[in-house]
Amino acid sequence: MPDRKIVIIGGGVVGASVAYHLAERGARDIVLLERADALGAGSTGKATGGIRAQFETEINILLSLYSLEFLKNWDFDCEYDARGYLFLARDQDQLLYLDATRFRQQDLGYDDVYPIDTEAISAVVPGLNTDDIVGGSFGLRDGFINPLALLEGFITGAVSAGTRVVTSTNVESISVDHGRVRNVRTASGTLECDAVVICSGPWARPIAATAGVDLPVTPQRRQIVWAQTERQLPAGLPMVIDLEDGFHFRPARDFSFGSNRAGSGYEVLFAYSDRDEGPSESTEFDEAFVEKVYQRARHRAPFLADSSPVLEKCRAGLYENTPDHHAIIGGCEVEGLYLACGFSGHGVMHSPATGRALSEIILDGEAKFLDVSSLHIDRFANGRLLRETGFI
Ligand SMILES: Cc1cc2nc3c(=O)[nH]c(=O)nc-3n(C[C@H](O)[C@H](O)[C@H](O)COP(=O)(O)OP(=O)(O)OC[C@H]3O[C@@H](n4cnc5c(N)ncnc54)[C@H](O)[C@@H]3O)c2cc1C
């Protein structure tokens, strides 16, 4: 039904991907509404830009493998840089976890992910402290992308196929009549529509509530430290992640629209999974976080110890967590209302697969290229929660 009027709420990378994939399939009456005065103003503009297929659950692995393939073949350059993700295990339990998940990843088609011993780890990242490391896992297809370039690619394609993008427009409510979507209301008027897709990231819950849908999506602040190093970073440095506390680092790049800027080799991003961070909508960077990260950096990566934080580039954004740390993708009890939210920190990397899935669900009734039914919101009511132990 390409002539259905579809409203997409949210101009981050997910909304843009849904618009792009719908437009690609011939949908011509699409309006994307974004409340900020520019696209990418939400979590997308704060993301680290990591992409990996080293996940625990089948569905996360498949979403990533699809997205990696999409990025490799797409003609829009979103700076995909396959430097790899290096996970470090501190004990045998963590190593067994990495082994078990790697076997699953390989079974599902990720053929270039390998076990790695401490000697090889030191060769990949000279200077890394491996004294308390027992081994790891290295996925060579994993790496980095520029989240804003990805968003730009989707929007460019969607707009050239007729999608209307309206910024500075807050959707106040979604009206439902006899169990189906009727319109969305904004300060500047009401938009009649046949379908609505909620892609409003960490702010998805309140807008879904106006349609009577209880969406278990909770915002949580995540912070990143940006630092300038004295010496050039090891050549080809991948994303390095300590499984114990989620401490991770990667070479930094400036992400902006149309940038295509390689990193200088003297800038690094690092962070860790702060278990003390409760639910909140704060996007204020807390300078106390710098020392917490440096404590970990001094231990794991002594070559970062003498780097200097660049406070104006340190940032805080919001993860959009669900109780099982998996996205919510699909329809719901309101006819014509679709959900693409709750990515729990993986929305950039999963946006290509999500956009395609939603376009097929809306236009064909189900996603045929990949079974995403395990991500339906029903799982919370039915107790069929998924499990992903990964830290970042
Ligand atoms: C520090 C940090 C690091 C991250 N690193 C990674 C990473 O390495 N890899 C990865 O894949 N993911 C990462 N993420 C997660 C990723 O950023 C998100 O999962 C992703 O950006 C979600 O995209 P989105 O389009 O759903 O949401 P957003 O980008 O947040 O977009 C939602 C948009 O909806 C708009 N909106 C909200 N409510 C309304 C309304 N009522 N009306 C109109 N518009 C509305 C908002 O203004 C916003 O622009 C990271 C996140 C953070 C905070």
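All of these numbers come straight from a predicted model, not from anything done at the bench. (Residues numbered from 1 in each chain as written. Predicted model: local features only at pLDDT ≥ 70, side-chain atom pairs only at ≥ 80, totals over all residues.)

Chemist: Before we move on, can you summarise the overall build of the protein chain with the specific residues and values?
Modeler: Per the secondary structure count, the protein chain includes nine helices and 20 strands. Taken over C-alpha atoms, the radius of gyration comes to 21 Å for the protein chain, in line with the 21 Å a tight globule of 392 residues would show. By principal-axis analysis of the C-alpha atoms, the protein chain measures approximately 65 × 45 × 40 Å. In the protein chain, which comprises 392 residues, the share counted as buried stands at 49%. Across the protein chain, contacts joining residues at least 24 apart in sequence account for 76% of those joining residues at least 6 apart. (Helix = DSSP H or I, 4+ residues; strand = E, 2+ residues; numbered from the N terminus. Rg over C-alpha atoms; globule rule 2.2 N^0.38 Å. Buried ≥ 20, exposed ≤ 12 C-beta atoms within 10 Å, placed from the backbone. Contact = placed C-beta atoms within 7 Å.)

Chemist: Hey, could you go over the sheet that holds strand 2 (residues 29–33) for me, with residue numbers and the actual values?
Modeler: Taking strand neighbours across the sheet as the criterion, the six strands line up as 8-2-1-12-20-19 in an open arrangement whose pairing is mixed. Only two strands of the sheet have a single neighbouring strand rather than two, namely strand 8 (164–166) and strand 19 (328–331). Each strand of the sheet is rotated relative to its neighbour by a mean of 15°, with strand direction disregarded. Across three bridges, the pairing between strand 12 (residues 195–198) and strand 20 (residues 337–341) is parallel. Bridging across to strand 20, Val-197 finds its partner in Tyr-338. (Pairing = 2+ DSSP bridges. Axes fitted to C-alpha atoms, helices over the stretch in contact; angles between N-to-C directions.)

Chemist: Describe the domain arrangement of the protein chain, and please don't skip the residues or the numbers.
Modeler: We note that the domain assignment places domain 1 (5–45 + 148–217 + 323–382) and domain 2 (83–143 + 219–318) within the protein chain. Between domain 1 and domain 2, the C-alpha centre-to-centre distance is 30 Å. (Domains from an automatic or database assignment.)

Chemist: Could you give an account of the site of the ligand, with specific residues and numbers?
Modeler: Among the 41 residues in the neighbourhood of the ligand, the closest are listed as Gly-12, Gly-42, Gly-201, Gly-317 and Gly-347. At the level of secondary structure, the elements contributing two or more residues to the shell around the ligand comprise helix 1 (13–24), strand 13 (218–228), strand 18 (315–321) and helix 8 (347–364). If you tally residues by element for the shell around the ligand, the top one is strand 18, at four residues. (Near = placed C-beta within 6 Å.)

Chemist: So what's going on with helix 8? Which residues, and what values?
Modeler: By the largest-angle criterion, Ala-353 marks the main kink of helix 8, which is about 40°. Counted residue by residue, helix 8 has 15 buried out of 18 residues, so it is predominantly covered. (Bend = angle between axes of the 7 residues up to and from the residue.)

Chemist: Can you explain the sheet that holds strand 9 (residues 171–177)? Please cite residues and give values.
Modeler: On the basis of which strands lie adjacent, the open sheet formed by three strands has the order 9-10-11 and antiparallel pairing. Taken across any chain shown, the strands that pair with only one partner, and hence form the sheet edges, are strand 9 and strand 11 (189–192). Ignoring which end each strand starts from, the neighbouring axes of this sheet average 25° apart. Strand direction decides the pairing type here: strand 9 and strand 10 (residues 180–186), joined by six bridges, are antiparallel.

Chemist: Outline unusual backbone geometry, supporting the account with residue identities and numerical values.
Modeler: Of note, the phi angle at His-325 is positive, near 55°, even though the residue is not glycine. Tracing the backbone shows His-325 in the loop between strand 18 and strand 19. Classification of His-325 as buried rests on a count of 21 C-beta atoms within 10 Å. Positive phi values are uncommon outside glycine, yet Ser-344 reaches one of about 55°. Turning to its location among the elements, Ser-344 is positioned in the loop between strand 20 and helix 8. For Ser-344, a count of 23 C-beta atoms within 10 Å puts it in the buried group.

Chemist: How would you summarise the packing of helix 1 against helix 5 (residues 147–160) if you had to cite specific residues and measurements?
Modeler: At their nearest, the axes of helix 1 and helix 5 sit 8 Å apart, and the two run at 30° to each other. Between helix 1 and helix 5, the angle falls in the class roughly parallel. Considering only the axes of helix 1 and helix 5, their crossing is left-handed. Every residue of helix 5 that contacts helix 1 at Val-13, Ala-16, Ser-17, Ala-19, Tyr-20, Ala-23 and Glu-24 is listed here: Pro-147, Leu-150, Leu-151, Phe-154, Ile-155, Gly-157 and Ala-158. Partitioned by chemical class, the residues of the contact of helix 1 with helix 5 number eleven nonpolar, two polar and one charged. (Parallel < 35°, antiparallel > 145°, perpendicular 65-115°, else oblique. Left-handed = near helix turned anticlockwise from the far one by under 90°. Nonpolar A, V, L, I, M, F, W, Y, C, P; charged D, E, K, R; others polar.)

Chemist: How would you sum up the environment of Glu-58? Please name residues and give values.
Modeler: Along the chain, Glu-58 falls in helix 2 (residues 58–73). Note on Glu-58: 15 C-beta atoms within 10 Å, which makes it partly exposed. Distance from Glu-58 to Leu-386, taken between C-alpha atoms, is 9.9 Å for residues 328 residues apart in sequence. Residue contacts for Glu-58: discarding those within four places in its chain leaves Arg-104 and Leu-108.

Chemist: Kindly report on the packing of helix 1 against helix 8, identifying the contributing residues and their values.
Modeler: In a packed pair of helices, the relevant descriptors are the angle between the two axes and the axis-to-axis distance. At a minimum axis separation of 8 Å, helix 1 and helix 8 run at an interaxial angle of 40°. The angle between helix 1 and helix 8 places the two elements in the oblique class. Between helix 1 and helix 8 lies a crossing of right-handed hand. On helix 8, the residues touching Val-13, Val-14, Ser-17, Val-18, Tyr-20, His-21 and Leu-22 of helix 1 are Gly-347, Val-348, Ser-351, Pro-352, Thr-354, Gly-355, Arg-356, Leu-358, Ser-359 and Ile-362. Per-class residue counts for the contact of helix 1 with helix 8 are nine nonpolar, seven polar and one charged.

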